[in-house]
Every structure is written in C-alpha cells, then in structure tokens.
Amino acid sequence: MTGRMEGKVVLISGGASGIGAAHARVFAAEGAKVLIGDIQEAMGKEVADGIGVTNSGGQAAFATLDVTSEASWADAVRKAVSLYGKLTTLINNAGVAILGGLTTETQASWDKTIAVNQQGVWYGMRAAIPEMKKAGGGAIVNISSVYGIIGSPDMLSYHASKGAVRLMTKAAALEYATQGIRINSVHPGIIQTPIIKTTFSSSGAPAEAVLQSIYSKTPMGRLGQPEEIAKGSLFLCSDDASFVTGAELVIDGGWTAQ
Ligand SMILES: NC(=O)c1ccc[n+]([C@@H]2O[C@H](COP(=O)([O-])OP(=O)(O)OC[C@H]3O[C@@H](n4cnc5c(N)ncnc54)[C@H](O)[C@@H]3O)[C@@H](O)[C@H]2O)c1
C-alpha cells in the first residue's frame, strides 16, 4: 500500500461482484474514496462493508446504479459528490455476456448486451465528465475484453459491444485530451469471476472441458484473477499514467499475443 489513489474519488459500475469488486478493494487499499454502483444491492453493500476504512484512509460506500438508465447514473454521480465532495475517476465495468451466434442470438439478448455493455459506458462517461472537469481533471477506464479485439464464433452481441467500447474510448480520449481527462480501455482475458459460470454453462459443455479449452488458449495456462485486472486499471487511473490516454491495456496471460 502506497496511497497511489489518495485524494481520488472513484465510481465503479458493476462493483458488487468479480472484477468490479476487486477494483473497489484495490483502489480503497490505495487510499481512494470509492462508490460501488450496481443493480445487486445486497452484494454491493456487502463489498462496501467489507472494505470499511483502509489503512491508507480509503473507504467504500454503495449506490444503486442501473447503467442502462441516464437518471440512475445522475443519481450515482450526485451521491459520490455529496459523500466525498468530488468525482475524479470512473471505472465503467458493469457488463453481461450472453452466448449467441449470427443466427442464434435473440433480439432480447442483443438489446440487453448493447444496453448494458455499450450504451452504459457512454452514459457513464457522459454523467461523470462534468464533475471531473469541476474537480480539475480525471481518469476513466472502460472495461472492454480481449473479445473487443479478436472474434469468437458464439458471442456476437458481446463482441459488438466490447469492440464499440474499445473505439468509444479512443474517440472520447481524443475529445478530452486537452481537458485533463484521460480515458483508456482495459481488455481482460478469461478471469475467474461469476460471469464465467453463467456464460459458459449455457453452452452445455461440461465445466471442466470448458476450463481446459480456456487453459489451452492461454499461454500462461491459467485463468486470470480479478485483482490482476484491477491493478492494471490502478496504474491507468493513477498520476503515474499522466501521459497515457486512448490506450488499450491487454491483461490476458498472453492469449492475444499468439
Ligand atoms: N470475467 C471475464 O473473464 C471477463 C473477461 C473480459 C471482460 N470482462 C468484463 O469485465 C466486466 C466485469 O465482469 P465480471 O467478470 O466481474 O462479471 P460479474 O458478473 O462478476 O460482474 C458484473 C457486474 O455487473 C453488474 N451489472 C450487470 N448489469 C448491470 C446494470 N444494468 N447496471 C449495473 N450493474 C450491472 C452485475 O450485477 C455484476 O455485479 C464486464 O464488463 C465483463 O464483460 C470479464
């Protein structure tokens, strides 16, 4: 712990679980004041309570946030500012992953995936940036995926949404480059979180076989851990990354190097 996020106020969408919850723990441990936003209230509050106040003076609270609603984003941003006095940092992390190919994807799963993964990221940036300007600058990390860079045969809307996140990040980074707001994307490989089970169990493949196929595609031969993603974002949101914007940080055990 070195207090790398001291003085920063961080809103994390989808912070009740997996990669988002790891961001909350890692950022608070580095001195950040964290607001966890999620539709899962009980889990989100549990993560915030578990963090409490850290040795670096970090802390965490929870706000109900549905990233598909601009009104909900406005409420969450207001809550961050009323609790902590400002907003400097946003982790656009909330996401869903639903299996479906070109002909098997349903309209409902397409609409949901685009609304949460893609539109939710746009809404989040739009809601947070005015407060970042008031705070004198800020940093945003949009969580995309290796599936925002390379394809696979059975997650059409997920690829569409995560590819969009990658390029929305670069477009927004250019728009705000001279205004003190840095915007970058992070691209996880396969990370050990609940999304893995909910996504891949619907494929009907036995869990062990699915895991083996993931291991075989990952040069490091294992799943990633949520904290390994949070630590990448930590760099991008810290002042150490003061000249980094519009960049994409791949954290995938070597998958996309092949
Ligand atoms: N786990 C992986 O292998 C992996 C790989 C690449 C990218 N990602 C991305 O990382 C992010 C986090 O995924 P995770 O693995 O931690 O999954 P997860 O299912 O553990 O967490 C996702 C969180 O998003 C929340 N969420 C869903 N819809 C929401 C909405 N409308 N409003 C607010 N919150 C909502 C969920 O309640 C949940 O807490 C996602 O964007 C995902 O696409 C994950």
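These numbers come from a predicted model, not from an experiment. (Residues numbered from 1 in each chain as written. Predicted model: local features only at pLDDT ≥ 70, side-chain atom pairs only at ≥ 80, totals over all residues. Heavy atoms only, no water.)

Visitor: Can you explain the environment of V96? Please cite residues and give values.
Guide: Topologically, V96 is positioned in the loop between strand 4 (89-92) and helix 4 (107-134). Setting aside its immediate chain neighbours within four residues, V96 contacts K112, T113, V116, N117, Y158 and I195. (Helix = DSSP H or I, 4+ residues; strand = E, 2+ residues; numbered from the N terminus. Contact = heavy atoms within 4.5 Å.)

Visitor: Outline the sheet that holds strand 2 (residues 33-38), supporting the account with residue identities and numerical values.
Guide: With parallel pairing, the seven strands of this open sheet are ordered in space as 3-2-1-4-5-6-7. Each edge of the sheet is formed by a strand with only one pairing partner; in this case those strands are strand 3 (59-64) and strand 7 (248-251). With strand direction ignored, the average angle separating the axes of adjacent strands in the sheet is 20°. Across six bridges, strand 2 lies against strand 3 in parallel orientation. (Pairing = 2+ DSSP bridges. Axes fitted to C-alpha atoms, helices over the stretch in contact; angles between N-to-C directions.)

Visitor: Would you mind going over the packing of aromatic side chains in detail, with residue names and values included?
Guide: Applying the stated rule across the entire model yields three aromatic pairs. On the numbers, 5.4 Å between centres and 35° between planes, the contact of W122 with Y123 is tilted. Classification of W122 by relative accessible area gives partly exposed; the value is 38%. Between the aromatic rings of Y147 and Y158, the centroid separation amounts to 6.4 Å while the plane-to-plane angle is 80°, which identifies the pairing as edge-to-face. Remark: Y158 occurs in helix 5 (residues 156-175) and Y147 occurs in the loop between strand 5 (138-143) and helix 5; sequence separation between them is 11 residues. Given a relative accessible area of 12%, Y158 falls into the buried group. Every member of this aromatic cluster is reached through a ring pair, and the members are Y147, Y158 and W255. (Phe/Tyr/Trp six-rings, centres within 6.5 Å; stacked < 30°, edge-to-face > 60°. Buried < 20%, exposed > 50% of the residue type's maximum accessible area, 1.4 Å probe, protein only.)

Visitor: Describe the site of the ligand, listing the residues and the values that go with them.
Guide: Around the ligand, the structure places 28 residues, and the nearest of them are S17, I19, D38, Y158 and T193. In the environment of the ligand, an oxygen atom lies 2.8 Å from a nitrogen or oxygen atom belonging to the backbone of N93. The backbone of G189 places a nitrogen or oxygen atom 3.5 Å from an oxygen atom of the ligand. In isolation the ligand exposes 820 Å². Once the protein is present, 93% of that is buried. A majority-of-atoms criterion places the ligand in the largest pocket. Those elements that provide at least two residues to the shell around the ligand are helix 1 (18-29), helix 5 and helix 6 (194-201). Sorting elements by how many residues they give to the shell around the ligand places helix 6 first, with three residues. Per-class residue counts for the shell around the ligand are 15 nonpolar, 10 polar and three charged. (Near = heavy atom within 4 Å. Polar contact = N/O pair within 3.5 Å; in protein donor to acceptor, adjacent residues only side chain to side chain. Areas by Shrake-Rupley, 256 points an atom, 1.4 Å probe, with all protein chains shown as cover. 1 Å grid on protein atoms, 1.4 Å probe; cavity = no way out; pocket = protein on both sides within 12 Å on 5 of 7 lines; lining within 4 Å. Sits in = over half its atoms within 2 Å of the grid points. Nonpolar A, V, L, I, M, F, W, Y, C, P; charged D, E, K, R; others polar.)

Visitor: Pulling in residues and values, what's your account of the side chain of N92?
Guide: Note that N92 resides in strand 4. The buried category is assigned to N92, whose relative accessible area is 2%. Setting aside residues no more than four positions away along its own chain, N92 makes contact with S13, W73, G120, V121, G124, M125, I140, V141, N142 and I143.

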